[in-house]
Amino acid sequence: LVGTSDKSPAYLISNDKLSKKPKSFKMDFILSDISKECGFVYGDVGVILVNNQIYPARFDSKTNKLKVSSTSGKIINQLIKDKINTLEINTGYDPTGGLNQDCVIYINGVGVQVHYSNADNHFGVYVSPMNSITIGNIRWGIGSK
């Protein structure tokens, strides 16, 4: 799957939903310009990547916009232009023994925890203007308890 945006950002949101049950959803992607924004949506949350940093974000389905929800980002040293990078959305149980599910979105192993509704959710990709993304090698598994 290859997508390019022109003067406006591009959003590709799934018709079907990913199950709310604990899982690990992974896919590989290649960006043409890592200095420009791109992002990934899971329900009403997600992440935005820009300049080798990952930021938690909120998705507004009415306006179809993904916006940074915290200015505290994490550096992704391994994010590489024109090379394969990996997204992972991991919804599993609280590793401290709690009964609630947590959602952590990783890019190349660097993750941010996001607060999401415990429901089946749409998945999506966002690409900023004048950028492109190639997606491939999608895989998923059952999360841990």
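Presented here is a report on the structure given in the accompanying data block. This structure is a prediction, so every number in the text was calculated from the model and none was measured.

Some thoughts on unusual backbone geometry
Okay, so step 1: At N52, a residue that is not glycine, the phi angle is positive and equals roughly 60°.
Okay, so step 2: As for its placement among the helices and strands, N52 is situated in the loop between β5 (45-50) and β6 (53-60).
Okay, so step 3: You will see that N108, though not glycine, has its phi angle at about 50°, which is positive.
Okay, so step 4: Examined against the element boundaries, N108 turns out to sit in the loop between β10 (101-107) and β11 (110-114).

Topic: the state of the cysteines
Okay, so step 1: Counted by the stated rule, this structure contains zero disulfides.
Okay, so step 2: Lacking any disulfide linkage, C38 is separated from the closest cysteine sulfur, that of C103, by 17 Å.
Okay, so step 3: Judged by relative accessible area, C103 falls into the buried class, the value being 0%.

Examining the nonpolar core
Okay, so step 1: Core analysis: the largest hydrophobic core is formed by 28 residues, its most contacted members being F29, F40, L87 and I107.
Okay, so step 2: Elements with a minimum of two residues in this core: β3 (23-31), β4 (38-42), β5, β9 (85-93), β10, β11, β12 (121-127) and β13 (132-142).
Okay, so step 3: At four residues, β3 tops the list of elements feeding residues into this core.
Okay, so step 4: If sequence neighbours within four positions are ignored, L87 has contacts with F25, K26, M27, F29, F40, I105, Y106, I107 and F123.
Okay, so step 5: Within the second largest apolar cluster, six residues are counted, among which are A57, F59, L66 and Y126.

Observations regarding the pairing of β5
Remember that side chains alternate between the two faces of the sheet whenever the strand is regular.
Okay, so step 1: β5 sits mainly inside the fold: six of its six residues count as buried.
Okay, so step 2: What you see with β5 is no split at all: V45, V47 and L49 on one side and G46, I48 and V50 on the other are buried throughout.
Okay, so step 3: Taking the residues between adjacent antiparallel strands as the criterion, β4 and β5 are bridged by two residues, where G43 takes a positive phi near 70°.
Okay, so step 4: Across six bridges, β5 lies against β6 in antiparallel orientation. If you follow V50 over to β6, its bridge partner there is Q53.
Okay, so step 5: Here β5 hands over to β6 after two residues, with N51 in that stretch at a positive phi of 50°.

Rules used in this analysis
- Within any chain, residue numbers begin from 1 and follow the written order of that chain's sequence.
- For a predicted model such as this one, the threshold for reporting local features is a pLDDT of at least 70, and the threshold for listing and counting side-chain atom pairs is 80 or more; totals across whole chains, interfaces and linings nevertheless cover every residue.
- Computation of side-chain values covers all heavy atoms of the structure but excludes hydrogens and water.
- Secondary structure elements follow DSSP: runs of H or I no shorter than four residues count as helices, runs of E no shorter than two count as strands, and numbering proceeds from the N terminus.
- Disulfides are defined in this document as cysteine sulfur pairs within 2.5 Å.
- Throughout, exposure labels follow a simple rule: accessible area from a 1.4 Å probe, protein chains only, divided by the maximum for the residue type, with under 20% read as buried, over 50% as exposed, and the rest as partly exposed.
- The criterion is simple. A nonpolar core is a set of buried Ala, Val, Leu, Ile, Met, Phe, Trp, Tyr and Cys residues joined through side-chain atoms within 4.5 Å.
- Should any heavy atoms of two residues lie within 4.5 Å, those residues are considered in contact.
- Here, any two strands with at least 2 DSSP bridges between them count as paired.

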